[in-house]
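What follows is the residue order along each chain.
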Amino acid sequence: MKKRFMSIAAMTMVSAVVLTACGGSDSGSEGTAEGGEETSKAMTIGVFNGWPEGEAVSELWQSILEEKGYDVELEYADAGAAFTGLAAGDYNVVMDVWLPQTHAEYLDDSDIKDNVTELGAWNDEAVLTIAVNEDAPIDSLDELAANADKFDNRLIGIEAGAGLTKATKEEVIPGYGLEDMDYLTSSTPAMLSELESKLEADENVAVTLWRPHWAYDEFAIKDLKDPKGTLGDAESIYSYGSSSFKEDFPEASEWISNFTMDSEKLFSLENAMFNDDKDQSDYDDVVEKWISENQDYVDGLTK
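Since this is a predicted model, take the numbers as computed values, not measurements.

Peer 1: So what's going on with the packing of helix 2 (residues 52-67) against helix 12 (residues 284-293)? Residues and values would help.
Peer 2: Packed helix pairs are specified by the crossing angle of their axes together with the interaxial distance, meaning the distance between the axes. One way to put it is that helix 2 packs onto helix 12 with a least axis distance of 10 Å and a crossing angle of 75 degrees. The orientation of helix 2 relative to helix 12 falls into the category roughly perpendicular. The segment helix 2 lies against helix 12, with Glu-59, Leu-60 and Ser-63 engaging Asp-284, Val-287, Glu-288, Trp-290 and Ile-291. Broken down by class, the residue content of the contact of helix 2 with helix 12 amounts to four nonpolar, one polar and three charged.

Now the structure itself:
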């Protein structure tokens, strides 16, 4: 709270100086002054519902940016709404864009593509998966149809609008003859709850999932092989800004554009946030502790 108060106070002082310099006009109270100096440090990061890697890095960058004097808010939305909001300028940046496959359909929309800007990839080890319990009687998707009854003829999915859901419906199910299985979609938390309950009951379960995800460290699960390549190759995770992000936030834009985080470091942050206390809703203290344990890495992100 003290940090947020200081950020707001600092922003107010900066605005007052700019207004005085402009002879009382409010033009220039936001955006970028001459010489590239940021005159507004209020930023909104859009976070995809149910995608923990995006939540983790967004929480991390909120802490980093607020330490540098920014006033940062995180706003959660489904991916489609987040892309639309980014293009409209409602969000300044999103940090969980999977390409070239998972989120490509959103960037195929010219209304979005023409109004956002790519900042850079921060992880190149992202893959979509179908995961099952580690002791399941199958190891490949081409075995699932013949053994569907061992999984209660159910495949548990996530949000209906997710790119993983689209790939499962359009590629995995027809590619492996899984049309007779019930494909259930609702939300990522519901999927994880079903996964956990089935594992606790020592029952087989099949879910749509992705790497990097903390579930792989928390649960005894394995990925089914995908010999037909229906879920695509490994992808990269990008940060995207609004069309004016680089102009409005030149310093932060440079930091985020140069940001990289390997999967092991990401897992350690996700584990701290999501595994140690599953009922945690305010991650400030958790993230601050993680930063203190990874101080050299974090300091390097803003050099």
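Peer 1: Let's hear about the environment of Asp-142: which residues, and what values?
Peer 2: Structurally, Asp-142 can be placed in the loop between strand 4 (116-133) and strand 5 (154-156). Along the sequence, Asp-142 and Tyr-176 sit 34 residues apart, while their C-alpha atoms lie 5.8 Å from each other. If we ignore the near neighbours within four places in the chain, the residues touching Asp-142 are Tyr-176 and Pro-227. Within the local environment of Asp-142, its side chain forms a polar contact with the side chain of Ser-140, the two groups lying 2.7 Å apart.

Peer 1: Got a sec to walk through the packing of aromatic side chains? Specific residues and values, please.
Peer 2: On inspection of all chains with the given rule, the structure shows 13 aromatic pairs. Plain terms: the ring middles of Trp-214 and Phe-219 are 6.0 Å apart, the flat faces sit at 50 degrees to each other, and that makes the pair tilted. With a relative accessible area of 11%, Phe-219 lands in the buried category. An aromatic cluster is built from Trp-214, Phe-219, Phe-274 and Tyr-283, whose rings are joined through pairwise contacts. Sitting above the plane of the Tyr-70 ring, Lys-41 keeps its charged end 4.7 Å from the centroid. The cationic tip of Lys-228 hangs over the ring face of Tyr-176; the distance from NZ or CZ to the ring centre is 5.1 Å.

Reading guide: rules and limits
- Residues numbered from 1 in each chain as written.
- Predicted model: local features only at pLDDT ≥ 70, side-chain atom pairs only at ≥ 80, totals over all residues.
- Heavy atoms only, no water.
- Axes fitted to C-alpha atoms, helices over the stretch in contact; angles between N-to-C directions.
- Helix = DSSP H or I, 4+ residues; strand = E, 2+ residues; numbered from the N terminus.
- Parallel < 35°, antiparallel > 145°, perpendicular 65-115°, else oblique.
- Contact = heavy atoms within 4.5 Å.
- Nonpolar A, V, L, I, M, F, W, Y, C, P; charged D, E, K, R; others polar.
- Polar contact = N/O pair within 3.5 Å; in protein donor to acceptor, adjacent residues only side chain to side chain.
- Phe/Tyr/Trp six-rings, centres within 6.5 Å; stacked < 30°, edge-to-face > 60°.
- Buried < 20%, exposed > 50% of the residue type's maximum accessible area, 1.4 Å probe, protein only.
- Lys NZ or Arg CZ within 6 Å of the ring centre and 35° of its normal.

Functional significance is not addressed by these values, which are geometric in nature.
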